[in-house]
Structure formats: structure tokens, C-alpha cells
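# Reading the structure
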Amino acid sequence: MIGYYVHHQGRGHLHRAQCIAARVPGPVTLISSLPRPADWPGPWVDLPADAASDPLDPTAKGRLHWVPLHHRGHRERMGIIADWIRCEEPDLFVSDVSVETAALARLMGIPVVVAAMRGDRHDEAHRLGYDLADALLAPWPGSLPEPGWPADWLAKTLHTGGISRYDGRTRPTRQDPASPADKEVVVMLGAGGNGLGAERLREAQRATPEWSWTVLGGPDGSWVDEPWPVLCRAHVVITHAGQNAIAECAAARVPALVIPQDRPHGEQHATARALRSSGLATVRDVWPQPDQWPGLLEEAAGRPDRWDHWSSGDGALRAAGLLTRLSSGTSRPDACVPR
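Residues numbered from 1 in each chain as written. Predicted model: local features only at pLDDT ≥ 70, side-chain atom pairs only at ≥ 80, totals over all residues. Heavy atoms only, no water.

With that settled, the discussion passes to the sheet that holds strand β3 (residues 44-46). Read across the sheet, seven strands follow the order β3-β2-β1-β4-β5-β6-β7 without closing on themselves; strand pairing throughout is parallel. The sheet terminates laterally at β3 and β7 (157-159), the two strands that pair on one side only. If you compare each strand with its neighbour and ignore which way they point, the axes differ by 20° on average. Bridge count for strand β1 (residues 2-6) against strand β4 (residues 92-96) is five bridges, and the pairing is parallel. Residue G3 lies in a different strand from β4, and its bridge partner there is F93. Running at roughly 165° to β1, helix α2 (residues 72-88) makes contact with β1, β2 (28-32), β3 and β4 of the sheet. (Pairing = 2+ DSSP bridges. Helix = DSSP H or I, 4+ residues; strand = E, 2+ residues; numbered from the N terminus. Axes fitted to C-alpha atoms, helices over the stretch in contact; angles between N-to-C directions. Contact = heavy atoms within 4.5 Å.)

Shown next as C-alpha cells:
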């Protein structure tokens, strides 16, 4: 049995967990405060929310990320995970991503795999999580490593490349536009939050009348559970630099204009730097001015497809292989018994 904690922010953590778990031959239990997906076939452990408007010492004086004092929701979450570990005695625990759940599992004597993230992870809490992990899963290519990592982190890291729920799916042939007016740009905002106002989108649309615009996510866009056909028909995708969004662009082999959003530890800006340095996507650090859009879309659309350098399509399978190897060789009890 493998326990797999899934963070509630956005949908990328969940999509990645489902991709990997589907390729693990043994049972995987997902643990999260996200709603259970209707198509998830395995065990699921529901966690209560632990948000707090006025938390007391939430970082334990800078040593952790979120451990607010006297918070019932947080205490319940950790208790539920601890009870599940005590009852199921899992062979392995995966954290994607929480230093606190990784530390809890390791304190209870369970080997831990941590999903790594780009950006500056040298704070005390991340160092604890990465140091205690038996292995790190990095969903980006080893040819574009995160700079400044200690040698001991790199030694236990599996660079899988991007992991997308669409890896291995047949891509429909992208049609060349019959006329300039047939060119389509797809804006993929996602569910993780963004600071983009509707007026800025309208300005970009007005500046590019020769392009048709489709907006997925955000306050004025449509939410599509299955964006694959929309991505595949696009001539350019405008996206943030979240790991899941980039992996989906890579799976669709679609030209991308990447504009990173501000996230803790500079995660998206770090991913954007890797994409820029490798020439895999057109990157701008801030939302462009209206008069820049026509040239930018043409630049992005004309970029050669080099997405295979980011993702070979087997990242989830490689991650599952690591989890399977690390979880093998131990027994699983039949039931939880009183201690």
C-alpha cells in the first residue's frame, strides 16, 4: 500500500497523482481535502480544511510551513493521516506537496517520497522535507536541473520530465489556418488563482483582430474539464508557468507563450527561466502591453516544436516505477488492530 498526499491548491497536484497512481501495480490511497474525483477508482481519505484567517505561529518560528497553534482543523488533518498510517502500515508515503505530512510519515517510520518543486527551496522547512525524503520526484527534465541544489538532493532525485494526463494520447493534426482570421489563441488560466484582470485580456484581443481568442478558466473564461481538443487545435497557447500547465502544452506539442505568475519561492519564474534558456517557449515576465501582442503571437506561433526536450511522455510511468521499487519488499497487515 502507498499513501499519497495531494495538496488542495489548483488541480495540477491531483492530475499528477492520478497519472502516477494509475501506473502503480499495487494499491494507492489518495489523501486530500480536495473533493474526490468521480473517476478515481481507488481508496480515498478525506481531510478537513485547515485554513485560518489569523493563525498563531503557523511556521513554528520559521521551521515549518503550516502548523498553526490550537487549530482544530489542522489537528484533525494530522490525526486522520496518523490514524491511517497506524492502521494501514503503508509501505511508502508520497507527499505532493507538504513538508508537514512528509515529516509526520517519516516520524512514524514510513519511507517518504517528496514531489520537488522549482524555485528557492533552501528555507528551513523545505530543507527538512527534502533532506528526510528517501527520494525526490522532479517533474522536469534532468537536462534542465534546478540550479543550486545540494549534491545529496540531486543524488536521490528522479527527473521524470513533465507529467501530463494526456501523455501518450494521439494528437489530432493541427490545421493550418485557411486565412489569417482562422488563427486561434487559447488562454489557459487554470484553477490555481491568477491576478489577470478581464480588461487586460480584452485589450490584447482588440490589439489582435486577426486572431480568435478562447479563454479557459479565470473569472470570465469557461471551465473545461477536458481541454485536450482545445489545446490541440490552438496555434498558440498563452499560459502561466505552473508545472501541470506546461506539461499539458508539451503533451499537445503546441506553441506556447508563457507568462509566469507570482507564487511562493518563485516557482513559476524559475520554470519560466528554464523554458526561456532552452528555447522551448516564448516567455515574458509580465503581461505584455497591447501594441506588443501582434508580434508576440507571431513569434510564439513560429517557434519550432522542441517539447520533447521537456517531456518524453513516460514521466508518470517512470515515477510509478520508482514508487513500486521503493515500496516493494514489505508486508501489509490485513486490518487495523488496537495498539
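This paragraph deals with the pairing of strand β10 (residues 236-239). Here β10 shows two buried faces, one formed by V236 and I238 and the other by V237 and T239. Both β10 and strand β11 (residues 256-258) contribute to a ladder of three bridges, which runs parallel. Each residue of the ladder has a partner; that of T239, found in β11, is V258. Handedness of the crossover is the feature at issue here: the chain leaves β10, passes through helix α8 (residues 243-252), returns alongside β11, and the resulting connection is right-handed. (Buried < 20%, exposed > 50% of the residue type's maximum accessible area, 1.4 Å probe, protein only. Right-handed = clockwise from strand over helix to strand, strands pointing away.)

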